[in-house]
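Each chain, letter by letter, is given below.
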Amino acid sequence: MSEEVKPESVSLCPLGMAAAPEQELLCIFGTGDLGRTLGQCLLQTGYRVVYGSRRPHSCGPLPQGAQVMSHDAAAQSASLVFVCIHRQNYGFLESLASGLKGKVLVDVSNNLKKDLYPEANAEYLQRLIPGAHVVKAFNTLSAWALQNGPSDANRQVYMCGNNAEAKQAVSEIATKLSFTVLDRGSLSAARELEDFPLQLFPEWRLPLRLAVGLTAFFFFYLLIRDIISAYVEEGKDISFRIMVSLANKVFPIVSLIMLTLCYLPGVIAAFLQLYRGTKYKRFPDWLDRWMLCRKQLGLLALGFASLHVLYTLIIPIRYYVRFRLSAITISEIRENRTTKFDTTMAWRTDSYYSVGILGFGLYVLLGITSLPSISNALSWREFSFIQSKLGYLTLFICTFHTYLYGWDKFLRVSSYKWYTPPGYMLSLVLPSVVLVLKLLLLLPCVDRSLTRIRQGWERTDPGDDVKRSLLT
Amino acid sequence: MSEEVKPESVSLCPLGMAAAPEQELLCIFGTGDLGRTLGQCLLQTGYRVVYGSRRPHSCGPLPQGAQVMSHDAAAQSASLVFVCIHRQNYGFLESLASGLKGKVLVDVSNNLKKDLYPEANAEYLQRLIPGAHVVKAFNTLSAWALQNGPSDANRQVYMCGNNAEAKQAVSEIATKLSFTVLDRGSLSAARELEDFPLQLFPEWRLPLRLAVGLTAFFFFYLLIRDIISAYVEEGKDISFRIMVSLANKVFPIVSLIMLTLCYLPGVIAAFLQLYRGTKYKRFPDWLDRWMLCRKQLGLLALGFASLHVLYTLIIPIRYYVRFRLSAITISEIRENRTTKFDTTMAWRTDSYYSVGILGFGLYVLLGITSLPSISNALSWREFSFIQSKLGYLTLFICTFHTYLYGWDKFLRVSSYKWYTPPGYMLSLVLPSVVLVLKLLLLLPCVDRSLTRIRQGWERTDPGDDVKRSLLT
Amino acid sequence: MSEEVKPESVSLCPLGMAAAPEQELLCIFGTGDLGRTLGQCLLQTGYRVVYGSRRPHSCGPLPQGAQVMSHDAAAQSASLVFVCIHRQNYGFLESLASGLKGKVLVDVSNNLKKDLYPEANAEYLQRLIPGAHVVKAFNTLSAWALQNGPSDANRQVYMCGNNAEAKQAVSEIATKLSFTVLDRGSLSAARELEDFPLQLFPEWRLPLRLAVGLTAFFFFYLLIRDIISAYVEEGKDISFRIMVSLANKVFPIVSLIMLTLCYLPGVIAAFLQLYRGTKYKRFPDWLDRWMLCRKQLGLLALGFASLHVLYTLIIPIRYYVRFRLSAITISEIRENRTTKFDTTMAWRTDSYYSVGILGFGLYVLLGITSLPSISNALSWREFSFIQSKLGYLTLFICTFHTYLYGWDKFLRVSSYKWYTPPGYMLSLVLPSVVLVLKLLLLLPCVDRSLTRIRQGWERTDPGDDVKRSLLT
């Protein structure tokens, strides 16, 4: 939300009128929200600021210490101009083209939607005023972010433009305002910069759709299999079980499958390389795209696993569970039975809880190392060790947890209602396949071939400048 | 704690005497803790270091390779001097003023308390030696941090000063030592830099006081209402319930109220803008301050919610709970009753557990995206989507969870002991109001007005250079 | 894993052929994996790229827009050459020494193992071609990381070399590719840079060994004490209790001991300083090393504490626990007893659960503030407040939690099977000692002495330039 904020509440810029030894003059076209906040920040960093406005005498409140003139006059004395007006008004700037020759124009505009116009705002501006050097920068921040400064670690500012000195000048100003500047190249990158604030988790789309699809599929599968079948066959209404019991079956199933889908592309890629005998042939498109969203698949899987843990932990608080345990105890007394302690049952349930907790612990460790600040502090070998070796260990432990849960039910006919297997048996197919394939890849003979291929060896004559891979 | 650490245990600086191609000579006044560590690090980066001391022949252990002379001699050959002596000793530096003319003096001092002196150390130094260029830098690091290098991601160093070339020189040295330099402007910012290491969570003060106040209020409210009333009316001592049962009512109440206080200012601001018909009038002071600590309010609310989750999950382990369940079962047998399974109760309890878990899951997601490294990687639209849309969804789900918990108790007279409502009913007032107001804001007609106002439209004539808001 | 990735799938570099105003020509020796990816990225940033290959006409696929020639011809027109060939092939570069005179050679190589060769690759290269300026850079990234750009916050690139302008040139290229460059000094740091990607959690080795050792010790101690003794004395097989009950005793014990080992060195250091009367004497080696891995000790302790929490929360779901509770209820009915509610038991159990949860909450807060991005945003005083004051509070609360768990069992003879104390009593020794010592340190007279010593006072004559510590 863009709320109007008092310029004085800028917390991180020095308060009051700093004695400004730089005394460099910057010009801002536009006295709207962004223009005023930008001007305020520049003033406090020590620059002098002059605004260009079509109505210099009635343009609304401006920061203290800034002058305001007509566009021509304002642009004259400054060598750098921030263009804080809406694209629709760029047209009139054309008339100032002669006065802006050789100056740096910083385009900070954003559009409300993607692909609203055929060319990027910055390229349009450069076309209107070919004599000036247009630099696209600061458009990924709103007035609010600019005002509060780079308070959340380094605020990054993306920049692009054709002229190196122009970009250098903008870069210096950004650094004085405590932002980190990332140069994206020439002005043809402007479209990408203008799309950037409008993107909404592009790399999460596919994993999210997959998660929703799997959840829906298994929800209906289990709904029919457990609840509707109970109603049809025994006339019992156990629909209340949807909220927790059913959810607590769907979530772990989806989690295990998505964790497997994290590691499946790696296994497929390895076998492709073995089959082709070289690592220099391109992978298919779908495999590439799949490899790029492995991190998002893994994090979603962790989310589902966390929900599974919480749903499991509230089991003993549930009215249904307490009623049932009480009923068992009461029936045992009334029927004068004595149940003997089943040590195998104790071993089995304790084991799969214990294994499940350890698997979840490793899972959370994987998630924590995905955080940007942590993965940045790890060397490549450390990161690969955790995500690859510990990752497969997590997959193995979680699969083992599910097998322990199943125990001997795989062999009982009663598990297969209406000839369908329980949800967790379905969920075990993919992980088992992946773990078996990975085991194959770990066999010494196969591993040696693959390592050789990854170090650049090819089944045909490879040529001279074979670069050894940096990772085995 | 400042512990004395062997200089050789610096892990990230190159070991041994590096062949130093820079060969630039730097001078350090002061052979104390910081002076020595700074000198050691500079030597290892490749500079030559000379110390200035009043007693060159008996000044304690110095790093290998550094020379030591009198202050005059030491300052002569170097163009940059680190002043690592205590402010109380600045007086004697005045006698060296002529020798320090035109040189860069880096002031690294800190005080033990805020406002110990009327002017900042750096400004005092500049006043004593007007011919030199004083730059304030490195004061936000202790000897320990300097020694261990920027091992925890980018260590930031704040800097301020009047002379641009002096600051540039200091900036280069800092970069060679692997620090990121943030320029804070002119020397008038020195006071702020000197206060910075002394501040103790300034933006958390208000939210923490609020949390403590709410906790105390509801604790006593529920203490009187539950425990003291039970003692007064029935003579039962249920004071043991303070530790868990009472805590598990106070924490979710405080959490829900604080989460609401996160979103209430946004709603108030929106209605203010609608009422005034413009976004260019300043908000009241209190609203601004409230808006600035929304993140801290939300994180504290998440903390209380996490405690609520843990307190809920240990319910079935409690002796009191087990005793009571056992007593219910036993009484059912002894009185030869049969309790019928209440499906509505099952639906209701399973639902509010399920909804509570989902709400908490979203809550944790909001918390994770508040981490600096994550919020830095999100575009503005993504961040706004999560904090705003998902945030209101979390508030809605948590409120719904509490309504489900209340179910029909709102209508029963027995809930109202001594004519007071239960704690959770009190906690539902504010969230319900905020959600209703937000719903009003989402009505198409209201939403259109507000969007227009936020894009710069004003109920009176707005003028020419209206900048469209970057966010709706 | 190094998978072959299509160059077109680079998401963060501008797409298509950017009109390249820089037009600077860079040369790359080597057409392998890294060479090609580097060239692709440079092309997209706007540079012109020419490859040097021994077989210019049959060297495999190259990025669009790059030329390929013989090494001599390629190196001629460029002033900077990326050497992307394996060390074993450096020998032939010697023949090009004359053509490479005065140019910048960027060595990006890595080895597969540490200490494979007597000297670092970069120093070897510099020795072969003394006329060129060798800069070691980019070796800490693989082709994959380079391709995906610095998407996870700032990707840091380490650099070292003897010549300042050469390093400046490499630094500019790295910045254009959106990496942050950290200068590590002269070429003698090359060995360290080449070892960096091969290190595997060096600072975690000691804490991990300690954790494993403690876990093994207490596991066998409790195995013998609980399970084997039950078998020997009563013939009962309670081995199933290993999976959860035993684990849930080992984990909290190890956690508490490791948390104590976090704070013990600080206490030892303080007493050492008091004893010696000065802070300027070096600490023993072992104490220094211990102080450096306190953070890892604390994080491992947090991990064990989290496992303890999860194992505790699944207690009521366990078959063994439900069987036992049911058996107690049934026996109460069959023996026609009535158990009276024990309020002290209720107070005690509720208290130690409540205290345990609060201690764990503080523990998690400590862990969160250890994250790089968070500890970077805190001032020194804030960080010290949390890690030191809140840290000791956490240790105190967790110790209190364990004492509450023990309650009066310390006085009962039955607790001491085979004359050995229970595990948790053993675990209380160290924390109690540390807390008592810390309490001693907080006594006003002791605290005053220590503060004076830390501010630089020495029991003998301290000399003139005593630098006051920046922290008390």
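By the naming in an unreviewed UniProt entry, chain A goes by Metalloreductase STEAP4 and is assigned to Channa striata. UniProt's Subcellular location (unreviewed entry) comment on chain A is quoted here verbatim: "Endosome membrane".

Here we look at the UniProt feature "transmembrane region" (unreviewed entry) in chain A
Under the local residue numbering, the UniProt record ascribes the feature "transmembrane region" (unreviewed entry) to residues 206-224, 250-275, 296-317, 351-371, 383-404 and 424-446 of chain A. Taken end to end, residues 383-404 of chain A has its terminal C-alpha atoms 30 Å apart, with 100% of it in helix and 0% in strand.

What about the side chain of A:R225?
All names here are of chain A. You can see R225 is positioned in helix α8 (residues 205-234). By relative accessible area, which is 6% here, R225 ends up buried. Looking at R225, its side chain comes within polar contact range of the main-chain oxygen of P421, at 3.1 Å. The contact partners of R225, leaving out residues within four places of it in the chain, are S415, Y416, K417, T420, P421 and P422.

Focus: the state of the cysteines
Here, the word disulfide means a covalent bond between the sulfur atoms of two cysteines. On inspection of all chains with the given rule, the structure shows 0 disulfides over all chains. Residue B:C84 stays outside any disulfide, its sulfur separated by 9.6 Å from that of B:C27, the closest cysteine. Residue B:C84 is classed as buried on the basis of its relative accessible area, which comes to 1%. With no disulfide of its own, C:C262 has C:C293 as its nearest cysteine by sulfur position, at a separation of 8.6 Å.

Some words on the nonpolar core
Of all hydrophobic cores here, the largest spans 231 residues; its most connected members are A:M258, A:Y263, B:M258, B:Y263, C:M258 and C:Y263. Setting aside residues up to four positions removed in sequence, A:Y263 forms contacts with A:L366, A:Q387, A:G391, A:Y392, A:L395 and A:V434.

Focus on the pairing of strand β6 (residues 133-137) of chain A
Residues in a regular strand point their side chains to alternate faces of the sheet. Residue and element names in this part refer to chain A. Counting buried positions over the 5 residues of β6 gives 4, a clear majority of the element. Pairing of strand β5 (residues 104-107) with β6 involves 4 bridges; the strand directions are parallel. Its bridge partner being in β6, L105 is matched across the sheet by V134.

Topic: the packing of helix α13 (residues 343-370) of chain A against helix α15 (residues 380-406) of chain A
To characterise two packed helices, one gives the angle between the axes of the helices and the distance between these axes. All names here are of chain A. Relative to each other, α13 and α15 sit at 155 degrees, their axes nearing to 8 Å. It follows that α13 is roughly antiparallel to α15 by the angle criterion. Regarding α13 and α15, the two cross each other, and that crossing is left-handed. Partitioned by chemical class, the residues of the contact of α13 with α15 number 15 nonpolar, 9 polar and 1 charged.

Notes on the packing of aromatic side chains
What characterises a pair of aromatic rings is the spacing of the ring centres plus the angle enclosed by the ring planes. For the structure on display, the rule yields 69 aromatic pairs over all chains. Geometrically, the ring pair formed by A:F396 and A:F400 is stacked, given 6.2 Å between the ring centres and 5 degrees between the ring planes. Here A:F400 and A:F396 lie together in helix α15, a separation of 4 residues that amounts to about one turn. Residue A:F396 is classed as partly exposed on the basis of its relative accessible area, which comes to 44%. Between the aromatic rings of C:W286 and C:W290, the centroid separation amounts to 6.3 Å while the plane-to-plane angle is 40 degrees, which identifies the pairing as tilted. Remark: C:W290 and C:W286 occur in helix α9 (residues 285-292); sequence separation between them is 4 residues, near one turn of the helix. According to the relative accessible area criterion, C:W290 is buried, its value standing at 17%.

Looking at helix α11 (residues 294-313) of chain B
Between its terminal C-alpha atoms α11(B) stretches 29 Å, which fits the 28 Å expected from 20 residues at 1.5 Å a residue. Counting buried residues along α11(B), 15 of its 20 residues qualify, which places the element largely inside the surrounding structure.

Quick word on the domain arrangement of chain A
According to the domain assignment, chain A contains domain 1 (23-198) and domain 2 (202-458). Each of domain 1 of chain A and domain 2 of chain A was reduced to a C-alpha centroid, and the two centroids are 51 Å apart.

Definitions and limits used
Residues numbered from 1 in each chain as written. Chains lettered and ligands numbered in written order. Predicted model: local features only at pLDDT ≥ 70, side-chain atom pairs only at ≥ 80, totals over all residues. Heavy atoms only, no water. UniProt positions renumbered as here; feature names shortened; annotations may be inferred. Helix = DSSP H or I, 4+ residues; strand = E, 2+ residues; numbered from the N terminus. Buried < 20%, exposed > 50% of the residue type's maximum accessible area, 1.4 Å probe, protein only. Polar contact = N/O pair within 3.5 Å; in protein donor to acceptor, adjacent residues only side chain to side chain. Contact = heavy atoms within 4.5 Å. Disulfide = S-S within 2.5 Å. Core = buried A, V, L, I, M, F, W, Y, C linked by side-chain atoms within 4.5 Å. Pairing = 2+ DSSP bridges. Axes fitted to C-alpha atoms, helices over the stretch in contact; angles between N-to-C directions. Parallel < 35°, antiparallel > 145°, perpendicular 65-115°, else oblique. Left-handed = near helix turned anticlockwise from the far one by under 90°. Nonpolar A, V, L, I, M, F, W, Y, C, P; charged D, E, K, R; others polar. Phe/Tyr/Trp six-rings, centres within 6.5 Å; stacked < 30°, edge-to-face > 60°. Expected span 1.5 Å × (residues − 1). Domains from an automatic or database assignment.

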